[in-house]
Structure formats: C-alpha cells, structure tokens
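In case you want the letters, here they are:
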Amino acid sequence: MSEARPNDPTLPLAIESLTVDYGERRAVDGLSLTVRPGAIYGLLGSNGAGKSSTIKSVVGLLRPRSGRIRVFGLDTIADSTLAKERIGYVPETSLLYEALTPREFLEFVAGVRRLAPAAATERMRAYAAAFRLESELEEPIAALSSGTRQKVLLIAAFLHHPQLLVLDEPLNALDPRSVRIVKDLLVRYVAVEGRAALFSTHTMGVAEELCHRIAILDRGVLRAEGTLGELRARVAQGDASLEEVFLRLTEEDEGLTAAVALLEGP
Amino acid sequence: MGWKEAWRLSRTPLAEVSFQAVYAFRQGNLAPPGPPRELAPKAAARTMQSKGLIGLVLALLALGAAALLRAGPNATATLTAYHLPPAAFDAGVLTGLYSIDVALLWWTGLQVLPVLLSSGALPVLESLPIDEATLRRIAGLVYLRLFDVPILAILIVTPVFVGVALGPLAGFAVLPGVATVIAFSLALSFVTGRYFTRKIQGSRGGGGRSLVRWAHLLLWLVPAVALLGFVSAGPAFFTVLSYAASGTVRGLLPTLEAAYPFTLAMLPALGARGPLGWSLSGAGWLELAVASAGYLLLALFASRWVFDSVRSVGRLPAAVPAPGPAPEYVLRPQRPSVAVLTKDLRTASRTPGYAFLLLLPILDSVAIGLVTLADARGAGTAEGLGLAAVVSAALLATFFGPAFFSIEVLAFSYGRALPLSDRSVILGKAALVVTVYLLAGLIVLGITLLRVPAPWVFAGFIAAELPAVLAAGLLELGILFRWARARGVPVPNLYGGAWSALLIALPGLALAAAPLVLDEVYGFVAMAAVSLTELAVVAPLILGRRGP
C-alpha cells in the first residue's frame, strides 16, 4: 500500500504521534495511524487501552498533549469546525440533551449542521423507521432506555451523511435487530466513494466481521496494526481468531489459565 | 442496620451528588485537566462554598431581623397608622424572618433537588443488599445533608441573634418556629420537586405541550415571588398588625393568632415582652396553644413523610409509546445560533431551575407594573416605578447570563463534537438574555402606558439600555467560555458553584448598571452613549478574532 500524505484532502483520517495525558497518567502514547477511503478501521484494546481517548481527540473533545490529527487534510484543532462538519460521532456513553425529545434533539443537530428541512426530515423518518423509533420521537430522552438513546445517537451521527464516521462502541445496548442494521449500514455506507469509519469495540467478533484494518492498543501504545491476515502473521498463527491474536499481542494470554483457576476457588 | 450505619452509608451518595453537581460527568462532561484524585475533594469544597454562601445569606437575614428587634417599634413608626406595641412589633419582624427563610430555603431546594435526581446517586444503592428501612433512611439523610449548612445557620444563628436582641428566653422560644421553617421548606421543596419530575420533565414534546409546561413551571416561581412579596408587603403587614393591636378590625386577632408563621413568632415576643398589645382571653391562649402544637405536629409529620419519601423520587418512569400509529414528524432546522436559542428554551421548559431564571425578570416586571397601575399618586410616581421595573429587568436578565450558559453542561461534550462555533453559542445565549430583557421591558411599557401618556420615555429608556444588556451578556458568556476551555469544567449549577456564578455575573452587572447610573447623574444622552460604547467595545472583543 502506498504511503499516504497526512494533509491529503482525500484521506479521511491521519493521526500522527498522538499523545494524550490525564494529569500524570498517559492515556495515549505516540499513536500514529491512517484511515483510508472505503475502510472500516477498528480500534481494539482492553479497558483503559486508550481507544476512547483517541476517539475523543479525533472529534475535538480532548486536546492532546502533542501530535496532530487531520480529517480530510483539515487539522482538528486549527480547523476544528470544518473538520467536525465532516464527522458523524457516536460517543461511548449516551451523551444527550436529556430534557429534549429525540425529534427536538435531531432538529438541533440538523440546525447546527445546516441541513435543509426536507432532507433532514426524510432522513430522520427513514432512520427512525429502520430502528422502529417513530413512536418515541416525542418522548423526553431522559425517559428512554439506553438502547433507544443509542439509536438516537446513531441517527444523529448519520443525519448529515458524514464522510467520516467515528463510532465509540456503537453497538452498546442495542437489540440484535438494530445491531444487524448498524453492521449492514456501515458496510454499505463506506462503500460510497470517499467515506470511511473509525470504530472502537471490545467485541472481537464484530471487529473480525466488519473491519478492514485493525489497530490493537495496549495501555496507550499501538501494539500492532494491519488487516486480520497481517495480524495473524505477526503471531505466526494463520488460523487464529482475532481474540487469540489480540491476547497474544497484548501479552494478556499470559497467566490467563491461572487467573481463571483462581476464580474457580479452592 | 441502624441509623449509625445509614449515616455512614449516606456519605457516599452525598459525595457523588457534590461530584456530579460540579463536574456533571453523568451529563457527559469529560474530566478536567489535573490529577484525578483531586477531583472529589475539590467538588466537596466547592459545594461547601455554595452552601456556605446560602448559610451566610440566612445568617445576614437573622442579623437584620435582630437589628430591627433591637431598634424596636420606632423603626416602623412612619409605616403604621396606630402605635405598635413592642411585642406585636417583635412578632411581626419574626414573622417576616420566618417567611423569608422558608421562601429562600424552598427556592434553594428547588435548585438542589434536580441535582440529586440527575446525579443518580440513590438508585445505585437499590441493588445492594441493604434493607428497606435503611435505604429510606439513607435517602432521607442524603436529602437532609444537602441542606446541612443552611439548616445549621438557621438553627444556631437565629436563636443566638434573637437571644442577643431580646434576651435568652426569647432566643430559646425561637426554636419551635425555626424547626417548622426547616421542616416546611424541605417538604415544599420535595413536593414541588417531585411534581417537576412527574409532570414536567417527563412531558412529551410537540403540539401545545410546551405552553402547558411553561404554565406548570409558574409553580416554580412561587417561592421567589413569595420572597419578593414578603419584602414588598412588609409595610402593609405592619399596618395590618397595628389595626389588630388597636382593635379597629374585628376578627383580625384570631386570624393572626392562628396564621403561620405568626403563631410561632408570638412565642418569643410573648416570652420577651409580655402581652402583644391586645389582651389574650382564655380562648385566645387556647387558640395560640392549639395552633402552635398543630404546626409543630404538622412539621413533625412533614419531616417524617419527606424522610420516608425521598427514595421514591428516583428516576423518571420509562416512556410508554403513545398508542396508535405515530404521526409523521417534521424537522425544521434553524441556523446555528437560533438552534442554540431554541434548544435552550426547550431545555428550560422541562428544567424548572432554568425556567425560573427566564421567568423571574418577566414576572418581576409584571408585579412592579401592576403596582404602578394601582398606585393612585399620579403619573410622576407611575413613571418612576415603570423605569424602576425596566432597571430591575435589565439587572436580573444580566445576572442570570451565567446560568443560561450552564444549560450547556447538559451533554456538554456532545455539543463540543458538533461543528458549532463558540460565536454561535455565545450569540444564541446572549440573544436569550436580550429576549428576557425585552419581554420584561415591553410588559412594563404595555402596563405603564395605561397610566403614563408618554410612551417614548419608556421606549427610549428600554432601547438605550438594550446595547448595555447585550454587552453584559456577551462579556459574561465570553468569560465563561474561556474559563470552561481553560479548566475543562462546565459552568456549575447553584449547588456546585454559586460563588463562581456570582463572580462571573459581577462584571456583567457593572456593564448593565453603568448606563443606568449615568442616566440618573447626566441624563438620557449620556446613558445611551455609554450603552452603545460598551457594546462597541465588548462585541469585537468577544465575537471577533481575539474572542474565544
């Protein structure tokens, strides 16, 4: 694969030497990666590996200690508003204006994103129908279940047909039908020219099924990056599952049997 | 598990309420920079500061009342038609103090209860193996401890100050009144807070429901209006008291003796100075004893009921979709700054704390406007009162600017992930400040026009002050944005940062007040010139390139 220039305006995402600190604790340490058009890029890692910190830096919620992030060639700090226009974001937790109803929330998002009323309405209706959300569009978000809130966030992320989807554990709390819809939608979505997705998950099966390339993070450091085939090659196991590859690369397989034995009790 | 264990366990949810009140993580805020282990102590310190501020206000009120008690009835000699005996005067002063304390504590409770609910601190305990009685006790103790400093201020400072002014017996006799003040205000806060969660926060959107919600929210203003009412009705009350003392109005005495909080205010007055100026018959003493005991019993019942019921406030019930096919909903996106304004108004319509801020300057204008209308002393006084209403609207609208920003605390991080410039957010919220001011001003204009045939005086005054109000709003919001960016902390609510909100409002208040002062000294032209100059300086500073 040819080397991509980070400031290439057709390159969905380029992260260079990203470092994020929380006080004295380093959450991400010198991470570099590139998401190319047409790709679903998976971020895998244990709890506290730095996935969410990376994603929050991409969407402008965290200001990194050092490093640079470009979205379609736009610096996410210097050109933050322009960069955010190209991003659709689903946060890890249901960050919503709870006093609003889903329709009011989506209207606010559509206003901020300067969408035409007809297009915004048509898309809201289509997504709401797909997620069977129509009857809850006028309920206050505070009274909705976590799965329904997640659907609202997904609709808000897709509403402006962004060029880059940034999804932090997007399948959390969703029912199986909605999970299937999101997976199919993602595959079709990035197939449209120029689009891409950055996707974080704990679920190895989902990453294995969806992601074209995968980065494995461990305590803020990039342990490995590549296609599933390339990662298997790294651990010299051609038929290994992603879970086995992950555990081997993060060295979390060591002591695993002993830990389980300990839990079984004396 | 006993009370001791419940007290120990209540520390954890209480700390969580402080934590969420300051950092709003549950609403999606991110951790501010700095060592994480310092967050909880900082949150505890900041909530303690806020509670200290409210406690200080209550203590100052008690001090003011004590000073009046010390001065004696001569302090109100110009207000009353008849001579007021010292004991009746004392009871009147203490009635005012109790009433204002109830209103202030109630108002505080209305700000605090939503924080308790949104923190989710109590439901976490429900899944733990704690028996029902202990869970109720923990919830009750958490609610009580949210008011700890204000309660202690009332409970300790009031008897001490009254004791110094009227003697130890009077100080001791204040205790029943003070106890009922605490019990009733906490119960009123709880009842209205529960009403809020059930009827307002859970209200569906669309249709005319927003209007219905705003109508419901008027309830939220009762304590604040009561506060204003008690202050403004003070002179009238002393006049009524003097009628009672002189025996000019039949039936007034028994009514007063049975009315809360006058009944309990009579106890220290009687203890300190003997008869109130009217001779209490046997029936009168019996009425006083029965009414006092009744109020104390009611306070006891209210306390127990609140204590047992806090746990039931919990969370909103899950939404049940409306029956039948869903209507075809339509989105009507607006440009970003208007979208922010609309979102804030919608949020406020389901969040009484914010609705209160929006409605107070408007209702204040209505109240003063109505006084203007009723005033029989002529157009000159009416004009003065009308202008005073505009002044108070300008200052109130400005004072609440920081609170409008704190709506952004809700899903603060999600908002920051949107392509929404700071300029749009600041403009949207400054527009809210100006809208409140203009609405209040127009109400005053409409009402006073009936008395003062000079609309241009008011219209000119309102228009001349407008740039200063806008400049004040922009300045406050600009400071808040820089502050939030630098510290990574959203602007807090009353429980989490009353001091900060006050400090940020001060420069805005100065900007809004300067033209009003100049109008008094140098006249209208100077006022308009300064107002425009303020806007010309502040707007580029906040919205221009150098702005946030």
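That block above? That's the structure.
These numbers were taken from a predicted model, which means no experiment stands behind them.

(A) Broad picture of the overall build of chain A. A tally of regular secondary structure across chain A gives ten helices and ten strands. Relative to the compact-globule value of 18 Å for 266 residues, chain A shows a C-alpha radius of gyration of 19 Å, a close match. Structurally, chain A occupies a C-alpha span of about 55 × 50 × 40 Å along its principal axes. Within chain A, buried positions represent 57% of all 266 residues. Sequence separation of 24 or more characterises 69% of the internal contacts of chain A that already satisfy a separation of 6 or more. When the accessible area of chain A is evaluated, it comes to approximately 11000 Å², of which 48% is carbon and sulfur surface. When the 31 positive and 36 negative side-chain charges of chain A are each reduced to one mean point, those points stand 5 Å apart.

(B) Highlighting the nonpolar core. Of all hydrophobic cores here, the largest spans 83 residues; its most connected members are Phe 105, Phe 108 and Phe 199 of chain A. Top element by residues in this core is helix H21 (residues 455-487) of chain B. It accounts for eight residues. Those residues in contact with Phe 199 of chain A that lie beyond four places of it in its chain are Ile 40, Tyr 41, Gly 42, Leu 43, Leu 167, Pro 170, Leu 171, Leu 186, Val 206, Leu 210 and Cys 211 of chain A.

(C) The arrangement of the packing of helix H3 (residues 102-112) of chain A against helix H15 (residues 336-349) of chain B in detail. Closest axis-to-axis distance for the H3 of chain A/H15 of chain B pair is 8 Å, and the angle between their directions is 160°. As the angle between them shows, H3 of chain A and H15 of chain B are arranged roughly antiparallel. H3 of chain A and H15 of chain B meet at a crossing whose hand is left-handed. Between H3 of chain A, through Arg 103, Glu 104, Glu 107, Phe 108, Gly 111 and Val 112 of chain A, and H15 of chain B, the contact on the second element is made entirely by Pro 336, Ala 339, Val 340, Lys 343 and Arg 346 of chain B. Partitioned by chemical class, the residues of the contact of H3 of chain A with H15 of chain B number five nonpolar, one polar and five charged.

(D) Highlighting the pairing of strand S8 (residues 196-201) of chain A. All names here are of chain A. Judged by how many residues are buried, S8 sits mostly within the fold: six of six residues are covered. Burial of the side chains of S8 extends over both faces: Ala 196, Leu 198 and Ser 200 are buried on one face and Ala 197, Phe 199 and Thr 201 on the other. Judged from the five bridges that link them, strand S3 (residues 40-45) and S8 form a sheet pairing that is parallel. The partner of Ile 40 across the bridge, within S8, is Ala 197.

(E) A look at the sheet that holds strand S5 (residues 74-75) of chain A. Residue and element names in this part refer to chain A. Read across the open sheet, the four strands follow the order S2-S1-S4-S5; overall the sheet is antiparallel. Strands at the two margins of the open sheet, each flanked by one partner only, are strand S2 (25-35) and S5. When strand S4 (residues 66-71) meets S5, the two strands line up antiparallel, connected through two bridges. If you follow Arg 70 over to S5, its bridge partner there is Asp 75. Seen against the sheet, helix H1 (residues 51-58) touches strand S1 (13-22), S2 and S4 and runs at an angle of roughly 115° to S1.

(F) Quick peek at the sheet that holds S8 of chain A. Residue and element names in this part refer to chain A. Overall, mixed pairing links the six strands, which are arranged S6-S7-S8-S3-S9-S10 in an open sheet. At either margin of the open sheet sits one strand with a lone partner, and together these are strand S6 (87-90) and strand S10 (221-226). Taken over all neighbouring pairs, the strand axes of this sheet differ in orientation by 15° on average, direction set aside. The sheet contact formed by S3 and strand S9 (residues 213-218) spans five bridges and is parallel. When the sheet's bridge partners are listed, Leu 44 is paired in S9 with Ile 216.

Scoring rules and cut-offs
Residues numbered from 1 in each chain as written. Chains lettered and ligands numbered in written order. Predicted model: local features only at pLDDT ≥ 70, side-chain atom pairs only at ≥ 80, totals over all residues. Heavy atoms only, no water. Helix = DSSP H or I, 4+ residues; strand = E, 2+ residues; numbered from the N terminus. Rg over C-alpha atoms; globule rule 2.2 N^0.38 Å. Buried < 20%, exposed > 50% of the residue type's maximum accessible area, 1.4 Å probe, protein only. Contact = heavy atoms within 4.5 Å. Areas by Shrake-Rupley, 256 points an atom, 1.4 Å probe, with all protein chains shown as cover. Lys, Arg positive; Asp, Glu negative; His and termini not counted. Charge placed at Lys NZ, Arg CZ, Asp CG, Glu CD. Core = buried A, V, L, I, M, F, W, Y, C linked by side-chain atoms within 4.5 Å. Axes fitted to C-alpha atoms, helices over the stretch in contact; angles between N-to-C directions. Parallel < 35°, antiparallel > 145°, perpendicular 65-115°, else oblique. Left-handed = near helix turned anticlockwise from the far one by under 90°. Nonpolar A, V, L, I, M, F, W, Y, C, P; charged D, E, K, R; others polar. Pairing = 2+ DSSP bridges.

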